[in-house]
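Chain by chain, the residues run as shown.
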Amino acid sequence: MGKYKLRCITCGKIYESSEVEYTCPKCGNRMGTLEVIYDYENIKIYREEFSKYENIWQFEKILPIEKGSYRTPLHVGGTPLYNTPSLAEELGIKELVIKYDGTNPTASYKDRASAIAITKAYEKGYDTIYCASTGNAASSLAGLSAPTKLKTFIFLPASAPIAKISQLFIYGAKVIPIDGSYDEAFDISMKIGEEKGWYCRNSAINPYLLEGKKTGALEIAIQNNWNIPDYLLVSVGDGTVISSFYKGFYDLYQLGLIDRIPKIIGVQAKGASAVKRVFDKGEPFLPDDIETNTIADSISVGKPRDVIKACKYVKASGGYFISVSDEEILSAIYELSLKTGIFGEPAGATSYAGLKKIAKKLGKEAKVAIVITGNGLKDIKAIEKFVKLRKIKPDLKAVREVIEEYEN
Ligand SMILES: Cc1ncc(COP(=O)(O)O)c(C=O)c1O
Ligand SMILES: N[C@@H](CCOP(=O)(O)O)C(=O)O
């Protein structure tokens, strides 16, 4: 076999990469998302080859890209992993490491996927790329394609947080703000993208993108000195980020670099828990869509596009899904910022909200990793209840009175 092939998540049919562009022709878009499988036996990788602080391209041997093709010059990946012993003690678990992806070039986990999308667009000879997004995939694609010659079209709900929308304009993307939901923007983008023959940057359609996202798992293994956590918690909307964590650990396992895969726990907002619902109903994991209502805009997904893969992978890991309320998400943002200095956007801090909920159940011997997938500055409106700004007269007496209040 070549370096890799593509396998349908539902029927298991294996394709050469030249045979299919996005999803399994037999099973269709949602049922037939593809996984990239490598010739693991013939790929030799040693732990020593990986460095902690490099970007995602250090993993080139297990990425579906060609030697010498375009690589973004921006520093994608190589984000920090923080060990937080006092927080672990407070939660009653043995160890807590926090992977913080808000330090990526456009401030979210999505840069890992966009980097691969742009490389593939160049390899395949496209001149235009597009995505549907709740905001982060959008700003990420816009930012990473800014220094390239690719034309970039973005479809997103006009209600997305203003910081994410502002990123699009500053990076010069062509923006189609839909007066509707992410799910509607997604369907429209697919129709137009097909009509126009543009390259699709959506992880649930384009199989290569999840490979970029899996680098977060590879980095956790390396940064934690190959001490693999018992549990990994991550927030879930469409289901590709969570699938990518399983895939990253799975690849390391297949390559003989680790001897187990963490139990992967998906955390959804209560008002948008479509994947949890499908998982809880059990196999065969059939899509079952819902209306959404949550402040966590990035995971406000009622028609998750990668639900089958997410459910199968989470099951294979021995994990499960939980949900948390918007109030729990808001408290998690505040508490995590206060205790660690890590400020996540709502969908980012959702993993911490989930951990707070189940830490006791995981037990005092549990070694846990959580992923904070987006920077808190992406959505300032969501945390306005914590911002108690008042104007103080510019005189010393008034300032002294306020300081006294703080001190008491
Ligand atoms: C910050 C953040 N966290 C989590 C997610 C969830 O990823 P997925 O939709 O792949 O489940 C997203 C997706 O947009 C996101 O932007
Ligand atoms: N909610 C996501 C959806 C698209 O991102 P993808 O990386 O799964 O394609 C976002 O807009 O960030």
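Because the structure is predicted, anything quoted here is derived from the model rather than measured.

Procedures and definitions
The written sequence of each chain sets the order in which its residues are numbered from 1. Labels follow written order: the first chain is A, the first ligand is 1, and so on. Local features in a predicted model are, by the rule used here, given only for residues with pLDDT of at least 70; side-chain atom pairs are given and counted only at 80 or more, and totals for whole chains, interfaces and linings are based on all residues. Only hydrogens and water are set aside when side-chain values are computed; all heavy atoms of the structure are taken into account. We call a residue near a given molecule or strand whenever any one of its heavy atoms falls within 4 Å of it. In protein, a polar contact requires one atom able to donate a hydrogen and another able to accept it; more generally it is a pair of N or O atoms within 3.5 Å, and residues adjacent in sequence count only if both atoms are side-chain atoms. Throughout, the Shrake-Rupley method with a 1.4 Å probe supplies accessible areas, and for residues the shown protein chains are the sole cover considered. Any residue outside Ala, Val, Leu, Ile, Met, Phe, Trp, Tyr, Cys, Pro, Asp, Glu, Lys and Arg is labelled polar, Gly included; the first ten of those are nonpolar and the last four are charged. UniProt positions are given in the numbering used here, feature names are shortened, and annotations may be inferred rather than shown by experiment. The way it works is that DSSP assigns letters per residue, a run of H or I at least four long becomes a helix, a run of E at least two long becomes a strand, and they are numbered from the N terminus. In this scheme, strands are said to pair when DSSP sees at least two bridges between them. Axis definition: a line fitted to C-alpha atoms, limited for helices to the stretch in contact. Angles are taken between N-to-C directions and run from 0 to 180 degrees. Residues count as neighbours in contact if any of their non-hydrogen atoms are within 4.5 Å of one another. When accessible area is computed with a 1.4 Å probe and restricted to protein chains, residues below 20% of their type maximum are described as buried, those above 50% as exposed, and intermediate ones as partly exposed. In this scheme, roughly parallel covers angles under 35 degrees and roughly antiparallel covers those over 145, while 65 to 115 is roughly perpendicular and the rest are oblique. Salt bridges are identified by distance alone: a Lys or Arg side-chain nitrogen within 4 Å of an Asp or Glu carboxyl oxygen. Per the annotation, domain bounds derive from an automatic or database assignment of domains. When two parts are put together, the accessible area they lose, computed with a 1.4 Å probe and summed over both, is reported as buried area.

Turning to the site of ligand 1, a few remarks are in order. For ligand 1, the set of nearby residues contains 16 residues, the closest of which are K110, G237, D238, G239 and T373. In the model, an oxygen atom of ligand 1 is placed 3.0 Å from a nitrogen or oxygen of the K110 side chain. Between an oxygen atom of ligand 1 and a main-chain N or O atom of S298, the distance comes to 3.4 Å. In the complex, the protein chains occlude 97% of the 390 Å² of accessible area that ligand 1 would expose alone. Counted by class, the shell around ligand 1 contains 4 nonpolar, 9 polar and 3 charged residues.

In this section: the UniProt feature "domain: Tryptophan synthase beta chain-like PALP" (unreviewed entry) in the protein. The UniProt entry lists residues 74-374 under the feature "domain: Tryptophan synthase beta chain-like PALP" (unreviewed entry), expressed in the numbering used here. The distance separating the terminal C-alpha atoms of residues 74-374 is 17 Å; by composition the span is 45% helix and 17% strand.

On to the sheet that holds strand β5 (residues 95-100), then. Strand order in the open sheet made by the 6 strands is β4-β5-β13-β10-β11-β12, with mixed pairing throughout. The outermost strands of the open sheet, each flanked by one partner alone, are β4 (81-83) and β12 (320-324). Looking at each pair of strands side by side, their axes are set apart by 25° on average, direction ignored. Sheet strands touched by helix α11 (residues 307-317): β11 (263-269) and β12. Its angle to β12, the strand with the most contacts, is close to 110°. Strands β5, β11, β12 and β13 (367-372) of the sheet are contacted by helix α12 (residues 326-340), whose axis makes an angle of about 95° with β12.

Time to look at unusual backbone geometry. A cis amide bond, omega -5°, links E283 with the succeeding residue P284. Phi angles above zero are rare outside glycine, and A107 is one such case at about 80°. Tracing the chain through its elements places A107 in the loop between β5 and α3 (111-123). A relative accessible area of 15% means that A107 is categorised as buried. Located in the positive-phi region is N225, a residue other than glycine, with phi close to 55°. If you trace the backbone, N225 turns up in the loop between α8 (215-223) and β10 (231-235). By relative accessible area, N225 is classed as exposed at 56%.

Take the packing of α12 against helix α13 (residues 346-362) next. At a minimum axis distance of 8 Å, the contact between α12 and α13 shows a crossing angle of 95°. Judged by the inter-axis angle, α12 sits roughly perpendicular to α13. On α13, the residues that touch E328, I329, A332, I333, E335 and L336 of α12 are P346, A349, T350, Y352, A353, K356 and K357. Of the residues belonging to the contact of α12 with α13, the class tally is 8 nonpolar, 1 polar and 4 charged.

It is worth spelling out the pattern of salt bridges at this point. Counted under the stated rule, the structure contains 33 salt bridges. D306 is the salt-bridge partner of K309, the closest N and O atoms lying 4.0 Å from each other. When its relative accessible area of 0% is taken as the criterion, D306 is described as buried. One salt bridge in this structure joins E335 and K339, with 3.5 Å as the shortest N-O distance. Placement of the pair is E335 and K339 together in helix α12, with a separation of 4 residues, close to one helical turn. For K339, a relative accessible area of 41% corresponds to the partly exposed category. When salt bridges with common partners are traced through the structure, they connect E90, E335, K339 and K356 into a single cluster.

Moving on, we get to the domain arrangement of the protein. On domain assignment, one finds that the protein holds domain 1 (1-42) and domain 2 (81-107 + 209-385). For domain 1 and domain 2, the distance between their C-alpha centres works out to 26 Å. On the domain 2 side, the residues contacting the 11 residues of domain 1 number 18 residues. At the boundary of domain 1 with domain 2, total buried surface from both sides reaches about 1300 Å², with 55% on carbon and sulfur atoms. Counting the contacts that link domain 1 with domain 2 gives 1 salt bridge. For D289, the salt bridge goes to R30, with nearest N and O atoms at 2.8 Å.

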